[in-house]
Amino acid sequence: RMKVIALFAVLFAAALFCINAQSEECEACTIVVELAEVGVALSGDNNVTAIIQYIEQGCTLVGPLESECKAVVSSYGEPIVKDIVNNVAPGTICTDYGLCASTLKIPVNSKFNK
């Protein structure tokens, strides 16, 4: 039980104190993805419903982002959990759903733009 609490603390600290400023929706999605990763790791059978309940409980611990977190779970919880179960790269999930801006930038003078 203490390991899970410690893991929560680390995940939330990382998500809430990101170096780059992000939208609340993006931060909430990042938290949901991290909770989904933990939920899948702790779940022996990848029960999507149980993992979503776990994520919803985690949303109550994120302070000012609680409502955004719950909104992301409501709209994208099941597909996010399924993506994690199917080994989609966690760092791309929020971008794939349009909740975070893409970090890929191609320079204007790039040879790909010619």
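Higher on the page you've got the structure.
The text that follows walks through the structure, step by step, so that each part is easy to find.

So, how was this worked out
Residues numbered from 1 in each chain as written. Predicted model: local features only at pLDDT ≥ 70, side-chain atom pairs only at ≥ 80, totals over all residues. Heavy atoms only, no water. Helix = DSSP H or I, 4+ residues; strand = E, 2+ residues; numbered from the N terminus. Buried < 20%, exposed > 50% of the residue type's maximum accessible area, 1.4 Å probe, protein only. Contact = heavy atoms within 4.5 Å. Areas by Shrake-Rupley, 256 points an atom, 1.4 Å probe, with all protein chains shown as cover. Axes fitted to C-alpha atoms, helices over the stretch in contact; angles between N-to-C directions. Parallel < 35°, antiparallel > 145°, perpendicular 65-115°, else oblique. Left-handed = near helix turned anticlockwise from the far one by under 90°. Nonpolar A, V, L, I, M, F, W, Y, C, P; charged D, E, K, R; others polar. Core = buried A, V, L, I, M, F, W, Y, C linked by side-chain atoms within 4.5 Å. Disulfide = S-S within 2.5 Å.

### Remarks on the overall build of the protein
Here is step 1 of the chain: Helix and strand counts for the protein stand at 5 helices and 0 strands.
Here is step 2 of the chain: Across the protein, helices and strands are ordered from the amino to the carboxyl terminus as α-α-α-α-α.
Here is step 3 of the chain: The buried share of the protein, taken over its 114 residues, is 34%.
Here is step 4 of the chain: Within the protein, contacts between residues at least 6 apart in sequence are counted, and of these 57% link residues at least 24 apart.
Here is step 5 of the chain: Put simply, the protein shows about 7,200 Å² of open surface, and 56% of that area lies on carbon and sulfur atoms.

### Let's talk about the packing of helix H3 (residues 48-59) against helix H4 (residues 66-85)
Here is step 1 of the chain: Put simply, H3 and H4 touch, their axes get as near as 10 Å, and they point 160 degrees apart. It follows from the interaxial angle that H3 and H4 lie roughly antiparallel. For H3 against H4, the interelement crossing comes out right-handed. Between H3 and H4, the contacting residues are Val48, Ile51, Ile52, Ile55, Glu56 and Cys59 on the first element and Glu66, Cys69, Lys70, Val73, Gly77, Glu78, Val81 and Lys82 on the second.
Here is step 2 of the chain: Residue composition of the contact of H3 with H4, by class: 8 nonpolar, 1 polar and 5 charged.

### Remarks on the nonpolar core
Here is step 1 of the chain: In terms of nonpolar packing, the biggest core is built from 27 residues, with Ile55 and Ile80 touching the most fellow members.
Here is step 2 of the chain: Contributions of two or more residues to this core are made by helix H2 (24-42), H3, H4 and helix H5 (90-96).
Here is step 3 of the chain: The dominant element in this core, judged by the number of residues it contributes, is H2, at 10 residues.
Here is step 4 of the chain: With sequence-adjacent residues up to four places away left out, Ile80 is seen in contact with Cys29, Val32, Val33, Ala36, Val72, Ile93 and Tyr97.

### Brief notes about the state of the cysteines
Here is step 1 of the chain: In the structure shown here, the tally under the stated rule is 3 disulfides.
Here is step 2 of the chain: Cysteine pairing for the protein (bonded cysteines numbered in sequence order): 1-6, 2-5, 3-4.

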